[in-house]
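Observations on chain architecture
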Amino acid sequence: MIQTDGYGSIDPFVDGYMEQEEEWEREGLLDPAWEKQQKKTFTAWCNSHLRKAGTGIENIEEDFRNGLKLMLLLEVISGETLPKPDRGKMRFHKIANVNKALDFIASKGVKLVSIGAEEIVDGNLKMTLGMIWTIILRFAIQDISVEEMTAKEGLLLWCQRKTAPYKNVNVQNFHLSFKDGLAFCALIHRHRPDLIDYSRLSKDNPLENLNYAFDVAEKYLDIPRMLDPDDLINTPKPDERAIMTYVSCYYHAFQGAQQAETAANRICKVLKVNQENERLMEEYERLASDLLEWIRRTMPWLNSRQTDNSLAGVQKKLEEYRTYRRKHKPPRVEQKAKLETNFNTLQTKLRLSNRPAYMPTEGKMVSDIANAWKGLEGAEKAFEEWLLSEMMRLERLEHLAEKFRRKADAHEEWTRGKEEMLQSQDFRNCRLNELKALKKKHEAFESDLAAHQDRVEQIAAIAQELNTLDYHDSVTVNGRCQRICDQWDRLGALTQRRRQALDDAERIMEKIDILHLEFAKRAAPFNNWLDGTREDLVDIFIVHTVEEIQGLIDAHSHFKATLGEADKEYQSIVGLVREVESIVKQHQIPGGLENPYTTLTAHDLTRKWGDVRQLVPQRDATLQAELRKQQNNEMLRRQFAEKANAVGPWIERQLDAVTAIGMGLHGTLEDQLHRLKEYEQGVYAYKPHIEELEKIHQAVQESMIFENRYTQYTMETLRVGWEQLLTSINRNINEVENQILTRDSKGITQEQLNEFRSSFNHFDKNRTGRLAPDEFKSCLVSLGYSIGKDRQGDIDFQRILAVVDPNSTGYVHFDAFLDFMTRESTDTDTAEQVIDSFRILAADKPYILPDELRRELPPDQAEYCIQRMPPYKGPGGVPGALDYMSFSTALYGESDL
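An unreviewed UniProt entry lists the protein chain under the name Alpha-actinin, sarcomeric, with Dendroctonus ponderosae given as the organism. Per UniProt, the protein chain carries the Sequence similarities (unreviewed entry) text "Belongs to the alpha-actinin family."

This is the structure we're talking about:
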């Protein structure tokens, strides 16, 4: 038996060859086909390592007998040196060499049991193969580690992960899973897709697949052929150890390539970081040199203070500075920020990659650039302050001169034509209103003239300041200022003379204006009264009652009583006009007859007063005709109300009686049905009263009568009540017939039915024929139905609601309540009973076949089930199997309540 010490179990072997022969056979060492595969695979594996030492073996049981090549093999695969071998050819020399090899294996933590040097020296093939398998496990497979699994499990998991994306490959073991060759091809294609065209491979060509994989592995991966494709195909279960040995060579071949790729990537990463650092250093030097040179060129310009002492020259220099700040400096600010960012980034990258910090060349340190930039900003600030102060000085002088010109221009523009206006005699032929307007206008001019006093003083003050600052054109300024002051004195004198002349003319026309104003004040309201009166006398009115038209007649009579006072007011207003005509004629005042306060004339008032006197009798005739019409309408109202007050209560009484019968308050169901049909006959016999009322209503509508205070009923409400009565009778007849059908078909006694109806009516407080959820729940409890007060009770009640109120209206009607209580009180089929019935037909299978349905059920019902049953998707299903459980559950919905 072969065991390990510290590495976990490698593989179980026998403990004593002769005593454990049966266990060997179970392990496969006595199978001739497996022994052949192991011999070929182990020989090829040994030669793949011995060729590194320039040698090899041909016969595994013979070539290891002297122990020399065995020791050489261990030195090659372990990289260590074994004790010096004995060179003699005697048996004990060979045994000593083999023991040295076995001791080396044992020193690696492998405990060898029942394998001795004598069996190897004697050429015992089984022991030799067992020893080589031990070496393969220890040096080729044992070091394979995937997620802390054992070597075998780790190698199997590696194969599964690498071949997972490939079609027709499912690695579950190291014998049958590799038999068709696709797993070997998938391992090669996963790591070297350039060597294998996996798309052309087929699971039906295992020999071609195996030869293809073995040839590619030997030619391009330096993995010798260790298996015979014919042996793999012809053996029912290939040897696991042979395939594991061969697959481990694939693992080590690709693992070495992966390590080389990792090393190359690490080198490339380091070089890339170094190249990026050098690029950042070069870019920093370039940006620093460029920025410092730009600052050196800019400083002399900022330090210059030369100017041509003109505002235009200073403004030009300021514009140049703004252009510099707007266009030239921003890119340099970005350059400086980029320079600092690159420097910080470079230092961070150097620190993270364990490189020494970067030191720029002399004069290009970040601090050097910061100092130069600070000097630049100081020069900018001083230059800008000088430009602004110089421009403020020159602007002040130009501003004063321009201010004088503008104020002088505005004043001269204002005084233009003022002297001619003050000397005019235009007020001599004006009427009083025009004269007053001229006087108001003159008063406004006087206010304006006083306001301009400050402007004249400002003009003089500005001229004085320009003289103090030695303005170059002071002579022109002084001459213009003097002309303005002289003109100002003349305007003051002319203003006083014109005001006196206007006051004299005003007193002459005062009398006429008072008369015009009095006429305007009294004529306007009287004219409005005339207009309103004419509109009222011809106004169209709409009345609906005798009282309303009588009110209009009374109001008209009151109006006629006021006509005497109106005539006196008319005569007084016309007298004012005659007095104005007399004064104008006496004093020959031009335009004195025109009233400036109103457009009304005495002729207008006279014409409107005549219209009012003619419209009064016409209004009397119109009101009397409307009175006769309203008296006829009153008669129609009383006639309709008398009939409606009889029909309305009759309909209400019939509705109450039908509702009481429908609530089960009178006798048995047959008695209720009989009484309902009697009520139905009585209602149809009462229909002539409705038809008579319709005729009266038609006459009411033709007379445009829209309200009737003698009755609360309208034809519309009576029609609705009549239709409700017919509907209620028909609905209750139908409900009673359905209750009789339910009672007879379900075996419900009349006492049970009365109990259900009594409980339902008890909780139907409003007699609406329906219960809210809380009322329904209380009704169930009163009938002895158990509903818990816990969460499960709420769930059960919601399931019941889903049955009695499937449309979620929020109410439970008596039909649904009766149907539920009937099913609760009688024996009904359930989904479980139907499922048990189908299970009997299916011979206890969880599914049923169409032929079984056609054999056991009538043809139409069998086809009904076949068309609606879903396919069976559970375990153990066969083609065409149907799921009778889902079908049965669907017949009864989600609940069997």
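There's plenty left to go through after this.
**Some points on unusual backbone geometry**
One non-glycine residue, Asn-168, lies in positive phi territory at about 65°. Of note, Asn-168 is situated in the loop between α8 (151-163) and α9 (182-191). A residue is classified by how much of its surface remains accessible, and Asn-168, at 43% relative accessible area, is partly exposed. Unlike most non-glycine residues, Ser-808 shows phi in positive territory, near 55°. Mapped onto the elements of the fold, Ser-808 is located in the loop between α27 (791-804) and β4 (812-813).

**Observations regarding the packing of aromatic side chains**
The full count for this structure, using the stated rule, is 32 aromatic pairs. When the ring of Phe-42 is compared with that of Trp-133, the centres are 6.1 Å apart and the planes differ by 10°; the resulting orientation is stacked. With a gap of 91 residues between them, Phe-42 in helix α2 (residues 32-50) and Trp-133 in helix α7 (residues 125-141) connect regions that are remote in the sequence. For the pair shown, Phe-42 and Trp-133 are each scored as buried. A centroid spacing of 5.9 Å and a plane angle of 35° characterise the contact between Tyr-321 and Tyr-324, whose relative ring orientation is tilted. Of this pair, Tyr-321 and Tyr-324 both sit in helix α13 (residues 311-352), three residues apart, which is roughly one turn of that helix. A relative accessible area of 4% places Tyr-324 in the buried class. Among the aromatic residues, ring-to-ring pairing joins Phe-174, Phe-178, Phe-184, Phe-214, Tyr-246, Tyr-250 and Phe-254 into one connected group. In this structure, Arg-200 is placed above the aromatic ring of Tyr-212, and the distance from its NZ or CZ to the ring centre is 4.4 Å.

**Structural notes on the packing of α9 against helix α10 (residues 206-220)**
The N-to-C vectors of α9 and α10 enclose an angle of 35°; their axes lie 8 Å apart at closest approach. Seen from above, α9 lies across α10 with left-handed handedness. Contacts between α9 and α10 involve Leu-182, Phe-184, Cys-185 and Ile-188 on the former and, on the latter, Asn-209, Leu-210, Tyr-212, Ala-213, Phe-214, Val-216 and Ala-217. Class assignment for the residues of the contact of α9 with α10 results in ten nonpolar, one polar and no charged.

**With respect to helix α31 (residues 859-868)**
All of the buried residues along α31 are Ala-862, Cys-865 and Ile-866. Down the axis of α31, the buried set is contained in an arc of 100°. They therefore lie on one face. Facing away from the buried side of α31 by over 90 degrees, the exposed positions are Asp-860 and Gln-867. Packing partners of the buried residues in α31 comprise α29 (831-841), α30 (850-856) and α32 (884-891).

**Observations concerning the pattern of salt bridges**
Per the counting criterion, the structure on display carries 48 salt bridges. The salt bridge involving Arg-279 is made with Glu-283; its shortest N-O contact spans 3.1 Å. With Arg-279 and Glu-283 both in helix α12 (residues 240-303) and four residues apart, the pair spans about one turn of that helix. When salt bridges that share partners are traced, they join Glu-276, Arg-279, Glu-283, Lys-338 and Lys-349 into one network.

**A short note on the nonpolar core**
Membership of the largest hydrophobic core comes to 79 residues, with the highest contact counts inside it found for Trp-45, Ile-135, Phe-178, Phe-184, Ile-188 and Tyr-250. For this core, the element with the most residues is α7, which contributes twelve residues. Sequence-distant contacts of Phe-184, defined by excluding residues within four places in its chain, comprise Phe-178, Leu-210, Ala-213, Phe-214, Leu-227, Ile-243, Tyr-246, Val-247 and Tyr-250. Among the nonpolar cores identified, the runner-up in size contains 29 residues, and Val-647, Ile-661, Tyr-686 and Tyr-713 belong to it.

**Structural notes on the environment of Gln-630**
Along the polypeptide, Gln-630 turns up in helix α21 (residues 602-662). Since its relative accessible area comes to 1%, Gln-630 is described here as buried. In contact with Gln-630, other than residues within four places in its own chain, are Val-543, His-544, Thr-545, Val-546, Ile-549 and Arg-637.

**Topic: the side chain of Ser-248**
The topology assignment puts Ser-248 in helix α12. Owing to a relative accessible area of 1%, Ser-248 belongs among the buried residues under this scheme. Not counting residues up to four positions away in its chain, the partners in contact with Ser-248 are Ala-140, Ile-141, Ile-144 and Leu-155.

**Considering α13**
Here α13 spans 59 Å end to end across 42 residues, near enough to the 62 Å set by a 1.5 Å rise per residue. The sharpest bend along α13 reaches about 45° and sits at Lys-329, with the proline Pro-330 one to four residues further on. Phi for Asn-354, located one or two positions after α13, is positive at around 60°.

**Things to note about the packing of α13 against helix α14 (residues 366-415)**
For the pair α13 and α14, interaxial distance at closest approach is 11 Å and the crossing angle is 160°. When the axis of α13 is compared with that of α14, the two are roughly antiparallel. In the packing of α13 onto α14, the handedness of the crossing is left-handed.

**Considering the environment of Asp-805**
Following the sequence through the fold, Asp-805 ends up in the loop between α27 and β4. Counting along the chain gives eleven residues from Asp-805 to Ala-816, while the straight-line C-alpha distance between them is 7.6 Å. Not counting residues up to four positions away in its chain, the partners in contact with Asp-805 are Gly-810 and Tyr-811. In this structure the side chain of Asp-805 is engaged in a polar contact, spanning 2.9 Å, whose partner is the backbone nitrogen of Gly-810.

Calculation notes
- Residues numbered from 1 in each chain as written.
- Predicted model: local features only at pLDDT ≥ 70, side-chain atom pairs only at ≥ 80, totals over all residues.
- Heavy atoms only, no water.
- UniProt positions renumbered as here; feature names shortened; annotations may be inferred.
- Helix = DSSP H or I, 4+ residues; strand = E, 2+ residues; numbered from the N terminus.
- Buried < 20%, exposed > 50% of the residue type's maximum accessible area, 1.4 Å probe, protein only.
- Phe/Tyr/Trp six-rings, centres within 6.5 Å; stacked < 30°, edge-to-face > 60°.
- Lys NZ or Arg CZ within 6 Å of the ring centre and 35° of its normal.
- Axes fitted to C-alpha atoms, helices over the stretch in contact; angles between N-to-C directions.
- Left-handed = near helix turned anticlockwise from the far one by under 90°.
- Contact = heavy atoms within 4.5 Å.
- Nonpolar A, V, L, I, M, F, W, Y, C, P; charged D, E, K, R; others polar.
- Arc of directions from axis to C-beta.
- Salt bridge = Lys/Arg side-chain N within 4 Å of Asp/Glu carboxyl O.
- Core = buried A, V, L, I, M, F, W, Y, C linked by side-chain atoms within 4.5 Å.
- Expected span 1.5 Å × (residues − 1).
- Bend = angle between axes of the 7 residues up to and from the residue.
- Parallel < 35°, antiparallel > 145°, perpendicular 65-115°, else oblique.
- Polar contact = N/O pair within 3.5 Å; in protein donor to acceptor, adjacent residues only side chain to side chain.

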